[in-house]
Amino acid sequence: QQQVKQSPQSLIVQKGGISIINCAYENTAFDYFPWYQQFPGKGPALLIAIRPDVSEKKEGRFTISFNKSAKQFSLHIMDSQPGDSATYFCAARAGGRNQFYFGTGTSLTVIP
Amino acid sequence: GAVVSQHPSWVICKSGTSVKIECRSLDFQATTMFWYRQFPKQSLMLMATSNEGSKATYEQGVEKDKFLINHASLTLSTLTVTSAHPEDSSFYICSAQTGAYYEQYFGPGTRLTVT
């Protein structure tokens, strides 16, 4: 059973556009929601993360929106650039546990 | 900060031999490290959780006698693939945990090819 559901599987965006990736979860014990960026042949890199006590977090062009009641969170990439082309994974951690649950990933392609 | 290294970055070995992969946290101490396996265009599959000074906890379906994990210090965990077979060929990634929210920081991965 997939603990964190991620969509879309792939996304193509024009340079300068907004990329939006969505994740949903059911476990209300989750208390930490990071996003990772992975380039081919490399390990995932922590991009941005949010806790459920805030509804939005912004770091540069990257923003996480969090909807606690809907149990959904999303990553917005503003002014998308070709260098943003990568696979993005959302994740969630259950409070009191070490384990992270990862989404299935979104392959983002930003075309010039 | 929070840099994790892996060695080697890629390795080719013959079927039946063993391969050791090292995972190091370079600028922090990690009580807990994780080992993942990733197939092409797929998500991360947790193999085991490695705690310093104790036995690793393996996920269901992962053969602990085949994938030996040792967490000898707060900065080093190793994964040894014993009697490797072609089906063990994969991308292996470790992560180390630190921070107030137990963030995971990933290594660059090791590409294993078994011929």
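See above for the structure.
Not measured: the values here are computed from a predicted model. (Residues numbered from 1 in each chain as written. Chains lettered and ligands numbered in written order. Predicted model: local features only at pLDDT ≥ 70, side-chain atom pairs only at ≥ 80, totals over all residues. Heavy atoms only, no water.)

1. Considerations on the interface of chain B and chain A
Across the contact, 21 residues belong to chain B and 18 residues belong to chain A. With both chains or domains summed, chain B and chain A bury close to 1600 Å², and 58% of this area falls on carbon and sulfur atoms. For the pair chain B and chain A, the number of links is zero salt bridges. Remark: the boundary between chain B and chain A carries four residue pairs in polar contact (both at pLDDT 80 or more). The class makeup of the residues in the side of chain B that touches chain A is eleven nonpolar, eight polar and two charged. (Contact = heavy atoms within 4.5 Å. Buried area = accessible area lost by both parts, 1.4 Å probe. Salt bridge = Lys/Arg side-chain N within 4 Å of Asp/Glu carboxyl O. Polar contact = N/O pair within 3.5 Å; in protein donor to acceptor, adjacent residues only side chain to side chain. Nonpolar A, V, L, I, M, F, W, Y, C, P; charged D, E, K, R; others polar.)

2. A closer look at the environment of A84(B)
Residue and element names in this part refer to chain B. For A84, the location among the structural elements is in the loop between β8 (76-81) and β9 (90-98). Sequence separation between A84 and V19 is 65 residues, and the spatial gap between their C-alpha atoms is 7.6 Å. Excluding anything up to four places from it in sequence, A84 contacts C13, K14, S15, G16, T17, K66 and V114. (Helix = DSSP H or I, 4+ residues; strand = E, 2+ residues; numbered from the N terminus.)

3. Here we look at the nonpolar core
Residue and element names in this part refer to chain A. Formed by 26 residues in total, the largest nonpolar core has its most connected members in V4, F30, F33, W35, F73, L75 and Y88. Looking at this core, the elements with two or more residues in it are β2 (10-14), β3 (19-25), β4 (30-38), β5 (45-50), β7 (62-67), β8 (72-77), β9 (86-94) and β11 (106-111). Of the residues forming this core, the biggest block, five residues, is contributed by β9. Not counting residues within four places of it along the chain, the set of residues in contact with Y88 comprises Q6, I21, Y36, Q37, L47, L75, I77, G105, T106 and L108. (Core = buried A, V, L, I, M, F, W, Y, C linked by side-chain atoms within 4.5 Å. Buried < 20%, exposed > 50% of the residue type's maximum accessible area, 1.4 Å probe, protein only.)

These values are about where atoms sit, not about what they do.
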